Every structure is written in structure tokens, then in C-alpha cells.
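Here is how the chains run, residue by residue.
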Amino acid sequence: VRHTVLTALVLWVFGCNLVWVTLDKVPPAYDFARHLYIAFLYWQAFDWNSPSLWFDLLSVEPFYPPLYHLSLIPFAVVFGFSAYSAVLANSVYLGVIILSTYGIGSLINDRRTGLMAAFFVSCYPWLSYVSRTPMVDTMLTAAVTLAYYLFLKSKNFENRFYSFMFAVAFAG
């Protein structure tokens, strides 16, 4: 039952974001358009034959870390550089938030608590808004919730696998 509820929550949020994108025809605001532009610049910096590939990638944007913008590139290549592709990427991150919140709740208390926490986090107005905009915030929230879940699973770093996964998620 819990897998069905979690899958339904993730699909519901994903579907709501798809409906939002198809109905919303307003051009992105300055910040949103800037993040799409930064992702486009990263895509342009990818030249596998270039001897300075890493330097080119690291010098695209001095302010924002590159992971979010690099994660937009696969969606942008398939669906085009638009707010639509960013909302699809953010929907994946929102799924990570929901599943990680379920894991945190079930580890701290029980599975019922995890399901309630996952439901509540899927209804947060702020997360709903931010997941529909090409901003870094959804990915950062997903990284924090996933890192905290992996930290709890590591049992104070006694489990090596989850400790390593925590380090990877925390570094992201």
C-alpha cells in the first residue's frame, strides 16, 4: 500500500506540474530566464575534443554551482531550452523530496508517519511554486532531504555504504 501511495503522490505532483506548464504561457521572469541561459551556456561549453573542457565548464558561471544547470541539459536537449524542460527536471527533484521525506519519517517514527510527512511535503505551497520555476531551490531542497535521509540510514556513519552515499549527496 505504501508504494502505491508514494507512487501516486509523485505522479500527482508530476502531473500537476505538466498541466501547469501546458497552461502557463507567460515568458519566464529575469531570474528564471537567467538560469535557463546558464544551462544553455553549459551546453555550449561541452566540447569533448577540447583540451580545456573542465576549465570551460568551471568558468561558465562564477556564482552558482554547476550541478543544477548541468542537470537541466539532458531535459533541455530532449525538450528544448524552455521553462518546460526545467519544470520536468524540478519534478524529478520534487519526487526525490517526497521519497526522502517518507524515508526520514519512517526511520524516525514509523511508515505511517513517513506517508503523512510525504503527503504534507507534497502539498507545501512553496515547493509547488518553486518546482514550477527554473530555480536552484528545488534541487537544493532535494539534496538536503536526501542527504539527511542517507545520514539517518548510515546509523551515525557505521554503515559504510550509506555513509558514502551521504557524502555524495551532501557534496552535490
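Scroll up for the structure.
Predicted model only: the values in this text are computed from it and were never measured.

Visitor: Could you give an account of the overall build of the chain, with specific residues and numbers?
Guide: Broken down by element type, the chain carries 9 helices and 0 strands. Mapped from its N terminus to its C terminus, the chain presents α and β elements in the order α-α-α-α-α-α-α-α-α. Each of the three principal axes of the chain carries a C-alpha extent, and together these read 50 × 40 × 25 Å. For the chain, the residues scored as buried account for 36% of the 172 residues in total. Residue pairs at least 24 apart in sequence account for 64% of intrachain contacts in the chain once pairs closer than 6 positions are excluded. Summing over all exposed atoms, the chain offers an accessible surface of approximately 10,400 Å²; the carbon and sulfur share of this is 70%. Here the chain holds 9 positive side-chain charges and 8 negative ones, and the gap between their average locations is 17 Å.

Visitor: Summarise the side chain of serine 154; cite the residues concerned and give the values.
Guide: Of note, serine 154 is situated in the loop between α8 (137-153) and α9 (160-171). A polar side-chain atom of serine 154 sits 2.7 Å from the main-chain carbonyl oxygen of phenylalanine 151. Non-local contacts of serine 154, meaning those with residues more than four positions away in its chain, are made with Asn159, Tyr162 and Ser163.

Visitor: Report on the environment of tyrosine 93, specifying residues and quantitative values.
Guide: Relative to the assigned elements, tyrosine 93 resides in helix α5 (residues 83-108). Tyrosine 93 sits 68 residues away from lysine 25 along the chain, and the two C-alpha atoms are 23 Å apart.

Visitor: Describe helix α4 (residues 66-79), with residues and values.
Guide: Between its terminal C-alpha atoms α4 stretches 20 Å, which fits the 20 Å expected from 14 residues at 1.5 Å a residue. At isoleucine 73, α4 shows its strongest bend, of approximately 30°, with the proline proline 74 following within four residues. Taken residue by residue, α4 has Tyr68, His69, Ser71, Leu72, Ile73 and Ala76 as its buried positions. Two residues or fewer after α4 comes glycine 80, characterised by a positive phi angle close to 90°.

Visitor: Tell me what's going on with the nonpolar core, and back it up with residues and numbers.
Guide: In this structure, Tyr68, Leu72, Ile97, Ile98 and Ala118 are the most contacted members of the largest nonpolar core, which totals 20 residues. Of all elements in the fold, only α1 (2-23), α2 (30-45), α4, α5, α6 (111-122) and α8 reach the threshold of two or more residues within this core. At 7 residues, the largest contribution of residues to this core is made by α5. Sequence-distant contacts of tyrosine 68, that is, excluding residues within four places in its chain, are made with Ala86, Asn90, Tyr93, Thr133, Pro134, Met135, Val136 and Met139. Formed by 7 residues, the second largest nonpolar core is a distinct cluster that contains Tyr42, Leu53, Leu57 and Ile73.

Visitor: Can you tell me about the pattern of salt bridges, naming the residues and giving the values?
Guide: Tallying each qualifying case throughout the model produces 1 salt bridge. One salt bridge connects arginine 34 with glutamate 61, and the closest N-O pair in it is separated by 3.2 Å. With arginine 34 in helix α2 and glutamate 61 in the loop between α3 (53-58) and α4, this residue pair connects regions lying 27 residues apart in the sequence.

Visitor: I'd like a description of the packing of α8 against α9, backed by residues and values.
Guide: Running from amino to carboxyl end, α8 crosses α9 at an angle of 165°, the nearest separation of the two axes being 8 Å. With respect to each other, α8 and α9 are oriented roughly antiparallel. Note on packing geometry: the crossing formed by α8 with α9 is left-handed. Residues Ala143, Leu146, Ala147, Leu150, Phe151 and Lys153 of α8 form the contact with α9, whose own contacting residues are Tyr162, Met165, Phe166, Ala169 and Phe170. Taken together, the residues of the contact of α8 with α9 sort by class into 10 nonpolar, no polar and 1 charged.

Conventions and cut-offs
- Residues numbered from 1 in each chain as written.
- Predicted model: local features only at pLDDT ≥ 70, side-chain atom pairs only at ≥ 80, totals over all residues.
- Heavy atoms only, no water.
- Helix = DSSP H or I, 4+ residues; strand = E, 2+ residues; numbered from the N terminus.
- Buried < 20%, exposed > 50% of the residue type's maximum accessible area, 1.4 Å probe, protein only.
- Contact = heavy atoms within 4.5 Å.
- Areas by Shrake-Rupley, 256 points an atom, 1.4 Å probe, with all protein chains shown as cover.
- Lys, Arg positive; Asp, Glu negative; His and termini not counted.
- Charge placed at Lys NZ, Arg CZ, Asp CG, Glu CD.
- Polar contact = N/O pair within 3.5 Å; in protein donor to acceptor, adjacent residues only side chain to side chain.
- Expected span 1.5 Å × (residues − 1).
- Bend = angle between axes of the 7 residues up to and from the residue.
- Core = buried A, V, L, I, M, F, W, Y, C linked by side-chain atoms within 4.5 Å.
- Salt bridge = Lys/Arg side-chain N within 4 Å of Asp/Glu carboxyl O.
- Axes fitted to C-alpha atoms, helices over the stretch in contact; angles between N-to-C directions.
- Parallel < 35°, antiparallel > 145°, perpendicular 65-115°, else oblique.
- Left-handed = near helix turned anticlockwise from the far one by under 90°.
- Nonpolar A, V, L, I, M, F, W, Y, C, P; charged D, E, K, R; others polar.

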